[in-house]
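One-letter residues, chain by chain:
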Amino acid sequence: MTAALLRQALIAGLPEVQSQDGGSPDPAHVYVPSAHAKALALDCSLVIGARGVGKTFWWEALRNGSVRNHLAGKVQSIANIDVGTGFGIGVSIDHAPDRDTFARLIAPDTGLSPYNVWRAVCARWIGRLLDQGAPQGDWMDTVRSVADNPETYARRLERADDLLGRQSRQGLLMFDALDRASNDWRTTDQIVRDLLRVVLDLRPYRHLHAKVFLRDDQFEGRGIKDFTDASKLLATRADLTWGSRDLHGLLWQYLINAPATKVGPSWRYLIDGPAAEVVPVLDLLRDIGCPADSNAPVREVPRRLRTDEDLQKTAFARLAGQYMGRDRRRGNTYTWVVSHLSDSRGRASPRSFLAAIRHAAVHSEETYQGHDSPLHYEAIKSGVRAASQIRVDEMAEDYPWIRHLMGPLKGMSVPCTFDDIVGRWTAAQVLDKDHYQGDRLPPEHLDQGPEGVRDDLEKLGLFQRMRDGRINMPDLYRVGFGLGRKGGVKPAARE
């Protein structure tokens, strides 16, 4: 096994493009940290997570029968379930109203509320479960029908619950991407609040369940929990987080399922032919005393490598060396990568982590082929720069207003005073409300001026207020937005 062979395995095993629009996951890339197992369980109705931590990934995973069967071996409660979609990207208009339809349904002149709409969504799902033909056509008719006939709705729920029970099945209705339901925070709060009420209504049924995926800024500090018995629903809450061990476990999940590499007869472990295919990462794990089952259709990360941080450090040092320079003064590679990919609240996303490692492998292959480790430390820094740009693009998808606010700050150095930032914003006139009239939610506290926007950026993890009041930024965003810091990773030259 050589550094070059492992480097090729990194390039081949990690995704070149990190999907941002869903799509069914490959079972070989499904890795379930313990916190995420709780979120997948059937009795969890509320899943909270920041952008990029896997909400839509799990939404897609649960929708896919083969992936769900694979997951059922890890989360037993999701075996034998029928999954429906109540809102999300790519969901048929027959299953859920889109944003414009939703807005029309809850317009003041209709007398209808989001609660009526969500019950209608649930009614159509129940119709599909009962295989009696769900109400189709105009959503206004469905919503009014359900609102005007609550007893009929309740009886259909009972019949569906009874049917599923007799068939030893469970029904699960899922909701995702609720920021797409409205471009107004007040309306969004009402929509989410009423959805949670409808989800709570399903709790008494033994075989009917719902799961809502929410961004943390749609949940924390919002007025969406002030209804009777909300605590019963909130008690099921699970937070999607990725600790350092989880991220490294995910990395090995990808690598041990990487495509085999063809090698010639010169390799020392080739014993039975002129050429062969090998998975060099499996050899690496055997070398450190933690072999994986190489014959499994989908290889799983050995339990020790999931939980033993020292073992993870040993394994990662085989890929990246031990230090971010010639000696320990530059930091340990194992901790350095994750810390430089974390936001100001200490959160790192799997997409950023995998992107940084793959970019580092490509850069090492192009520039540091003679290095004794597959990843050169300078290439790892380059990987962080690439991941930062990806993260910035990713955040701008959910929060388009971020670019308006961060653009004028390009070229500044942090830490800096807030007055310096306000000066840039004022000169660029980016706090004008006219900039935020699109189809997505604006900064939540734009009405409160610069201080309100600063709070929004802190909440999202872009800004960090220091004890002396100055503003700092994590490298994850600082680099991508083109700001400097003395001694920090430099932004890409093209920026």
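Refer to the structure above for everything that follows.
Here's what I pulled together on the structure shown here. The shown structure was predicted, so the numbers you read here are calculated from the model rather than taken from an experiment.

## Some details on the sheet that holds strand β3 (residues 170–175)
So, step 1. Read across the open sheet, the 5 strands follow the order β2-β3-β4-β1-β5; overall the sheet is parallel. Looking at strand neighbours, the two that pair on one side only are β2 (81–87) and β5 (238–239), the edges of this open sheet.
So, step 2. When β3 meets strand β4 (residues 208–215), the two strands line up parallel, connected through 5 bridges. Paired with M174 across the bridge in β4 is K211.
So, step 3. Sitting on the sheet, helix α8 (residues 150–166) touches β2, β3 and β4, and the angle it makes with β4 is about 105°.

## What about the side chain of R7?
So, step 1. On the secondary structure map, R7 appears in helix α1 (residues 3–13).
So, step 2. When its relative accessible area of 1% is taken as the criterion, R7 is described as buried.
So, step 3. Beyond its immediate chain neighbours, meaning those up to four positions away, R7 contacts A361, S364, E365, Y368, Q369, H371, S373 and P374.

## Some words on the packing of α1 against helix α12 (residues 280–287)
Packed helix pairs are characterised by how far apart their axes lie and by the angle those axes make with each other.
So, step 1. At a minimum axis distance of 9 Å, the contact between α1 and α12 shows a crossing angle of 120°. Considering their axes alone, α1 and α12 lie oblique with respect to each other. The segment α1 lies against α12, with L5, L6 and A9 engaging P280, V281 and L284.
So, step 2. Classifying every residue of the contact of α1 with α12 by side-chain character gives 6 nonpolar, no polar and no charged.

## Observations regarding the packing of helix α3 (residues 55–63) against helix α4 (residues 65–72)
So, step 1. At a minimum axis separation of 5 Å, α3 and α4 run at an interaxial angle of 100°. In terms of axis orientation, α3 runs roughly perpendicular to α4. Of the residues in α4, those in contact with W58, A61, L62 and R63 of α3 are G65, V67, R68 and L71.
So, step 2. Here the contact of α3 with α4 is composed, by residue class, of 5 nonpolar, 1 polar and 2 charged.

Calculation notes
Residues numbered from 1 in each chain as written. Predicted model: local features only at pLDDT ≥ 70, side-chain atom pairs only at ≥ 80, totals over all residues. Heavy atoms only, no water. Pairing = 2+ DSSP bridges. Helix = DSSP H or I, 4+ residues; strand = E, 2+ residues; numbered from the N terminus. Contact = heavy atoms within 4.5 Å. Axes fitted to C-alpha atoms, helices over the stretch in contact; angles between N-to-C directions. Buried < 20%, exposed > 50% of the residue type's maximum accessible area, 1.4 Å probe, protein only. Parallel < 35°, antiparallel > 145°, perpendicular 65-115°, else oblique. Nonpolar A, V, L, I, M, F, W, Y, C, P; charged D, E, K, R; others polar.

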